[in-house]
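Examination of the molecular architecture
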Amino acid sequence: MSLARLLPLAALTLIAAPLQAQPVRPFSLATLKAAQAAGQPVLVDAFAPWCPTCRAQAPTIDRLATDPAYKALLILRLDYDSQTAEKKVLGITKQSTLIAYKAGKEVGRSLGVTDPGQIKALAASTLR
């Protein structure tokens, strides 16, 4: 098929594709502060690869990143093992901590929650 025929098909695919949330991004304080200043909803995930609870939370959090209902939500994954200073700033003392921010303010925090419904509810609290 020629390039001239592929371009209209590619454009149609982009137009017809549903809007998706942003991918899970690595945590940085600068990114969090910029998002808060812009009033963007944020979910911080304090993740450690060795943590079974974190690994149980990850599929739900990763699904939120592809769910159009959460397209405005910025998900930031903090590396629990290496981002010690950042953990201190956020008051994170345990891995598997999730923190929700709305309009620059913390609106919820959970520790060790793996129930998909509870994780979605925490994330949704940033959007209401």
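Up top is the structure.
Predicted model, so just to flag it, every value in this text is computed and none were measured. (Residues numbered from 1 in each chain as written. Predicted model: local features only at pLDDT ≥ 70, side-chain atom pairs only at ≥ 80, totals over all residues. Heavy atoms only, no water.)

Notes on the packing of helix H3 (residues 52-64) against helix H5 (residues 116-124)
Running from N to C, H3 and H5 point in directions that differ by 45°, and their axes come no closer than 10 Å. Here H5 runs oblique to H3, going by the angle between their axes. The hand of the H3/H5 crossing is right-handed. For the pair formed by H3 and H5, the contact residues are Gln-57, Thr-60, Ile-61 and Leu-64 on the first element and Pro-116, Ile-119, Lys-120 and Ala-123 on the second. By residue class, the composition of the contact of H3 with H5 is 5 nonpolar, 2 polar and 1 charged. (Axes fitted to C-alpha atoms, helices over the stretch in contact; angles between N-to-C directions. Helix = DSSP H or I, 4+ residues; strand = E, 2+ residues; numbered from the N terminus. Parallel < 35°, antiparallel > 145°, perpendicular 65-115°, else oblique. Left-handed = near helix turned anticlockwise from the far one by under 90°. Contact = heavy atoms within 4.5 Å. Nonpolar A, V, L, I, M, F, W, Y, C, P; charged D, E, K, R; others polar.)

So, the pairing of strand S2 (residues 42-47)
Of all the 6 residues making up S2, 6 are buried; the element is thus mostly covered by neighbouring parts of the structure. The alternating pattern of S2 places Val-42, Val-44 and Ala-46 on one face and Leu-43, Asp-45 and Phe-47 on the opposite face, and all of these are buried. Bridge analysis of S2 against strand S3 (residues 74-79) gives 6 bridges, and the strand direction is parallel. Across the sheet, residue Leu-43 finds its bridge partner in S3, namely Ile-75. You can see the chain leave S2, run along H3 and come back into S3, and the turn it takes is right-handed. Pairing geometry for S2 and strand S4 (residues 97-102), over 4 bridges, is antiparallel. Residue pairing in the sheet places Val-44 in a bridge with Ile-99 of S4. (Buried < 20%, exposed > 50% of the residue type's maximum accessible area, 1.4 Å probe, protein only. Pairing = 2+ DSSP bridges. Right-handed = clockwise from strand over helix to strand, strands pointing away.)

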